[in-house]
Amino acid sequence: MEKTDIKNLTLSGLEAYISGLGKERFRAKQIFKWLYQMDAMDFDEMTNVSKEFRAVLKERAEISNLSPEAVEASGDGTRKYLFRLADGASVESVLIPDEGRNTLCISSQVGCAMKCAFCLTGTFGLARNLTTAEIVNQVCAVKREHPVNNIVFMGMGEPLANLSAVIPAVNILTDPDGFQFSTRKVTVSTSGLVPEMAELGRGCTVNLAVSLNATTDEVRDQIMPVNRAYPLKELLAACKAFPLPSRRWITIEYVMIRDLNDTLDDAKRLVRLISNIPSKVNLIPFNEHDGCGFKSPTQETIDRFHKYLLDKHVTVITRSSRGGDISAACGQLKGKLDQMGQQD
Ligand code: SF4
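The structure presented is a predicted model; accordingly, all values stated were derived computationally and were not measured.

### Thoughts on the site of the ligand
Alright, step 1. Near the ligand the following residues occur: Cys-112, Met-114, Lys-115, Cys-116, Phe-118, Cys-119, Gly-122, Gly-157 and Ser-191.
Alright, step 2. Looking at the shell around the ligand residue by residue, the classes come out as five nonpolar, three polar and one charged.

### A closer look at the side chain of Thr-78
Alright, step 1. On the secondary structure map, Thr-78 appears in the loop between β3 (70–73) and β4 (79–84).
Alright, step 2. Here the side chain of Thr-78 touches Asp-76 through a polar contact of 2.8 Å, side chain to side chain.

### Things to note about the pattern of salt bridges
Alright, step 1. Scanning the model with the defined rule gives 15 salt bridges in all.
Alright, step 2. Measuring nitrogen to oxygen at the nearest pair gives 3.1 Å for the salt bridge that ties Asp-266 to Arg-269. Remark: Arg-269 and Asp-266 occur in helix α11 (residues 264–273); sequence separation between them is three residues, near one turn of the helix.
Alright, step 3. For Asp-266, a relative accessible area of 5% gives the class buried.
Alright, step 4. According to the relative accessible area criterion, Arg-269 is partly exposed, its value standing at 26%.
Alright, step 5. Among the ionic pairs, Lys-307 bridges to Asp-311, the shortest N-O distance being 2.8 Å. Placement of the pair is Lys-307 and Asp-311 together in helix α12 (residues 299–311), with a separation of four residues, close to one helical turn.
Alright, step 6. Exposure remark for Asp-311: the relative accessible area of 44% places this residue in the partly exposed category.

### Observations regarding the domain arrangement of the chain
Alright, step 1. Domain boundaries assigned for the chain yield domain 1 (4–62) and domain 2 (70–342).
Alright, step 2. When each unit is reduced to the centre of its C-alpha atoms, the spacing between domain 1 and domain 2 is 33 Å.
Alright, step 3. Counting residues at the interface gives 13 residues for domain 1, matched by 17 residues for domain 2.
Alright, step 4. Here domain 1 packs against domain 2, burying approximately 1200 Å² in sum over the two surfaces, 55% of which is carbon and sulfur.
Alright, step 5. Close ionic contact of Lys-33 with Asp-177 constitutes a salt bridge, the shortest N to O distance being 3.5 Å.
Alright, step 6. For the pair domain 1 and domain 2, the interface holds seven residue pairs in polar contact (both at pLDDT 80 or more).
Alright, step 7. The greatest single-element share of the side of domain 1 that touches domain 2, amounting to four residues, is contributed by helix α2 (residues 27–36).
Alright, step 8. Within the side of domain 1 that touches domain 2, the residues separate by chemical class into five nonpolar, three polar and five charged.

### Points about the pairing of strand β11 (residues 207–211)
Alright, step 1. Counting buried positions along β11 gives five out of five residues, so the element sits mostly inside the fold.
Alright, step 2. Pairing between strand β10 (residues 186–190) and β11: four bridges, direction parallel. Residue Val-188 lies in a different strand from β11, and its bridge partner there is Leu-208.
Alright, step 3. Between β10 and its parallel partner β11, the chain crosses via helix α7 (residues 194–203), and the hand of that crossover is right-handed.
Alright, step 4. Two strands pair when backbone bridges link them, and β11 and strand β12 (residues 250–256) are joined in this way by three bridges, in the parallel orientation. Note on β12: the bridge partner recorded for Ser-211 is Glu-253.

Conventions used here
Residues numbered from 1 in each chain as written. Predicted model: local features only at pLDDT ≥ 70, side-chain atom pairs only at ≥ 80, totals over all residues. Heavy atoms only, no water. Near = heavy atom within 4 Å. Nonpolar A, V, L, I, M, F, W, Y, C, P; charged D, E, K, R; others polar. Helix = DSSP H or I, 4+ residues; strand = E, 2+ residues; numbered from the N terminus. Polar contact = N/O pair within 3.5 Å; in protein donor to acceptor, adjacent residues only side chain to side chain. Salt bridge = Lys/Arg side-chain N within 4 Å of Asp/Glu carboxyl O. Buried < 20%, exposed > 50% of the residue type's maximum accessible area, 1.4 Å probe, protein only. Domains from an automatic or database assignment. Contact = heavy atoms within 4.5 Å. Buried area = accessible area lost by both parts, 1.4 Å probe. Pairing = 2+ DSSP bridges. Right-handed = clockwise from strand over helix to strand, strands pointing away.

Have a look at this one:
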């Protein structure tokens, strides 16, 4: 009999599972707390669960775990974790410390099918989706070493292409009996899968980040093939319809690429496009990498773009490139991962 990995289950899923074993549903809360608040790796650690029931659980279920196969630390404090999965595939998570808070960037797929032109992960294609357990186990593993304050689904993969695992993972992260992250502290990022944005909003309460990166369909078609299916007009309408709790914003991610999307006209169009969406803008200067012909914008261009947005009362942050010396910047994970794989 194949064992059930209980880290694939949300609290309500675990309640149903436990009542299926003939036990009271409230036992699920106890077990959930052991898993995510006390990091239990074995049913025998769950001392407030009867010995008999622990024996049943051990026979029918398992508690999966991940431990990093390699950790790379950057000079600026960024740490990159390489996790080898049960089938030999691998993913990465990146811990980014900033002003006393640690943000953990986690992966949702092995590789990615979206083929964004500026992204190394996209060039490798999709190997497979992660399970809910493989997603939450990245958080369990890093939390063993460092406090984690924020979670962002911005590692390998398009989270909205794996909603059946991502929505339960978000619910485990934000469950008061689970990891207990505030819904303010968890962000899911998308390249713009419009129907799935609505599904995400129905399935959980979470912050949304949209990787926009262009202000015309012509340019966005060129760098993000998803735009051909869901052009800007549809994407921005989906942003506007996304169920945001009060006083929350959608994060608009904008990777600035020299001479492609970094002009003052782009800044002007961007302000117009997001004018009726509660949003803040993250400007991310493109990080040059081998195999990609795009160039980083000049500092002068970045400053001019940033200032225009500020002058128009748009909340904007220009993200400094973190972990550059370990290639932990967005879209550079898989490339480095493969280099590490070749050293095996
Ligand atoms: S930027 Fe994100 S969605 Fe696009 S290819 Fe890379 S990992 Fe996939």
